[in-house]
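Structural overview for review
Chain by chain, the residues run as shown.
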Amino acid sequence: MGHDKEHHAKIATGKGDPQCFIGTAGGPSKFKVGDRVRIKNLPDIFYTRTMVYTRGAIGEIAVVTHESPAPEDEAWGHVDHSEWFYIVRFKQKDLWPEYPDDFPNDTLQTEFSERWLESV
Amino acid sequence: MSNDHDHDHDHGHGHKPPAPMVEEISDFEALEIAVRELSIERGLFTAEDHRRFTEFAEHIGPTPAARMVAKAWLDPEYKKLCLTDGIKASLAVGVDWLNPTGFGTPSDYTDLRVLEDTPTRHHVVVCTLCSCYPRPILGFQPEWYRTPNYRRRLVRWPRQVLAEFGLMLPPEVEVRVEDSNQKCRFIVMPVRPAGTDGWTEDQLTEIVTRDCLIGVTLPKPGKTTNIKLPVHHAVNPANH
């Protein structure tokens with residue numbers, strides 16, 4: 001907090017966002033590609049970008065994408081602490097129990113910050 | 001770069017009288033005008049800045065992304081670059097995500113991921129939260145991409161929604177939905193279709209339509225326009 005309105009423009013110009021947050025997560029990523037993870041069902045007071053349909057589901061890390069402040073913080077201007085982000089791949093059947101058995105290979109990918117993931 | 005005109009225009013030379021400039025202003029349009037005027041008054045940006053940005057926003061379209069795919073089909077080295085660094089690969093098709101307008105700040109987020117289809121895997125992109133879209137390289141979203149109907153249903157019944165776009169894939173093809181919910185932006189790189197041997201980059205670019213790049217259709221020789229979704233008028237329309 002305490003940054004002026006132009007803070008984001010100042011740090012992102014010439015680098016881009018999320019590139020301007022490289023090295024700000026305080027260490028290496030906790031998970032690696034192929035790790036099995038469960039999406040935590042945390043309370044989401046005020047703001048989140050973690051969809052309800054993924055809560056509690058198990059998937060695997062498809063891509064370790066980048067470091068960035070989590071949206072739950074960034075939405076309120078708290079940009080001084082970053083987390084690693086991951087694209088997680090789910091079997092559709094693990095998200096939607098009613099997903100037809102005729103298409104067992106179908107998948108869905110979406111992205112989470114590290115706070116939402118726990119090892120399985 | 002041309003704008004993507006897939007909606008019908010009435011240019012006033014048909015049977016209908018010329019449409020008035022403004023029929024009705026929505027609350028959001030009124031709000032936009034108010035915020036814009038206050039910002040100009042306050043000196044946050046000038047009217048000239050606003051005009052230049054509007055002109056930029058109105059002329060961007062899907063052509064750079066289409067060319068990126070066509071180039072990648074022809075050049076395996078470039079394809080590798082697309083799959084590992086979409087932002088760098090964009091430079092070859094004239095899009096600099098760090099300075100997309102030629103003035104001002106970088107694009108809001110600058111992490112482009114290219115999703116490569118294979119004969120047994122098909123990608124399709126959605127943003128369930130809002131309408132996240134790689135605008136610098138693909139222009140503005142089609143209206144349907146923003147609708148709750150597409151956003152809610154694609155993640156849950158992807159094959160049903162794709163069928164509504166005319167795309168039916170056999171069960172052995174994996175349908176992979178990419179829900180674009182954070183800072184990454186996505187385009188789909190379809191498989192180069194049969195019947196395009198010996199084609200030039202320009203010819204290939206023409207068949208990579210916006211709809212192919214979102215993943216709701218596949219490229220095909222001769223198909224150079226987006227899908228026109230039928231409009232079903234209400235049987236018993238409300239009159240108000």
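A brief look at the structure comes next.

What counts, and at which threshold
Residues numbered from 1 in each chain as written. Chains lettered and ligands numbered in written order. Predicted model: local features only at pLDDT ≥ 70, side-chain atom pairs only at ≥ 80, totals over all residues. Helix = DSSP H or I, 4+ residues; strand = E, 2+ residues; numbered from the N terminus. Buried ≥ 20, exposed ≤ 12 C-beta atoms within 10 Å, placed from the backbone. Contact = placed C-beta atoms within 7 Å. Pairing = 2+ DSSP bridges. Nonpolar A, V, L, I, M, F, W, Y, C, P; charged D, E, K, R; others polar. Arc of directions from axis to C-beta. Axes fitted to C-alpha atoms, helices over the stretch in contact; angles between N-to-C directions. Expected span 1.5 Å × (residues − 1).

1. Some details on the overall build of chain A
In terms of helices and strands, chain A carries three helices and five strands. Taking the principal axes of the C-alpha coordinates as reference, chain A spans close to 55 × 30 × 25 Å. For chain A, the proportion of its 120 residues judged to be buried stands at 36%. Within chain A, residue pairs in contact and separated by at least 24 positions form 66% of the contacts whose partners lie at least 6 positions apart.

2. Comments concerning the overall build of chain B
Tallying secondary structure elements over chain B gives 11 helices and four strands in all. Relative to its full complement of 240 residues, chain B shows a buried share of 35%. At a minimum sequence separation of 6, the contacts of chain B that also span at least 24 residues come to 70%.

3. With respect to the pairing of strand S2 (residues 121–126) of chain B
Residues and elements named next belong to chain B. Extensive coverage of S2 is indicated by the burial of five of its six residues. For S2 and strand S3 (residues 174–179), the ladder comprises six bridges, and the chain directions are parallel. Considered in S3, the bridge of Val124 is made with Val177.

4. Topic: unusual backbone geometry
Residue and element names in this part refer to chain A. Put simply, Asp17 and Pro18 share a cis peptide bond, and its omega is 25°. For Phe46, which is not glycine, the phi dihedral falls at a positive 75°. Note that Phe46 resides in the loop between strand S1 (36–39) and strand S2 (58–68).

5. A closer look at the interface of chain A and chain B
Listed by partner, the interface residues are 25 residues for chain A and 24 residues for chain B. Elements supplying a minimum of two residues to the side of chain A that touches chain B: helix H1 (7–12), S2 and strand S4 (107–113) of chain A. The biggest single contributor to the side of chain A that touches chain B is S4 of chain A, with five residues. Among the residues forming the side of chain A that touches chain B, the class breakdown is nine nonpolar, 11 polar and five charged.

6. Quick look at helix H8 (residues 148–156) of chain B
Residue and element names in this part refer to chain B. Of the positions making up H8, those classed as buried are Tyr150, Leu154 and Val155. All buried residues of H8 project into a common sector of 105° when viewed along the axis, lining one side. Structural note: H8 exposes Pro148 and Asn149 on the side pointing more than 90 degrees away from its buried face.

7. As for the sheet that holds strand S3 (residues 83–91) of chain A
Through backbone hydrogen bonds, the strands of a sheet pair up, either in parallel or in antiparallel fashion. Spatial ordering of the open sheet is given by S5(A)-S1(A)-S2(A)-S3(A)-S4(A)-S3(B)-S2(B), a layout of seven strands whose pairing is mixed. What marks the edges here is a single partner per strand, and that holds for strand S5 (117–119) of chain A together with S2 of chain B. Within this sheet the neighbouring strands show an average axis-to-axis angle of 35°, counted without direction. Of the pairings in the sheet, the one linking S1 of chain A to S2 of chain A comprises three bridges and is antiparallel in character.

8. Thoughts on helix H3 (residues 63–74) of chain B
Residues and elements named next belong to chain B. With 12 residues, H3 should reach 16 Å at 1.5 Å per residue; the first-to-last C-alpha distance of 17 Å fits that figure. Most of H3 is tucked away, with 10 of its 12 residues classed as buried. Every buried residue belonging to H3 is among Thr63, Pro64, Ala65, Ala66, Arg67, Met68, Val69, Ala70, Ala72 and Trp73, and all of these are buried. In the core, the buried residues of H3 are packed alongside helix H4 (76–84), helix H5 (86–91), helix H6 (135–138), strand S4 (184–189), helix H10 (201–207) and helix H11 (210–214).

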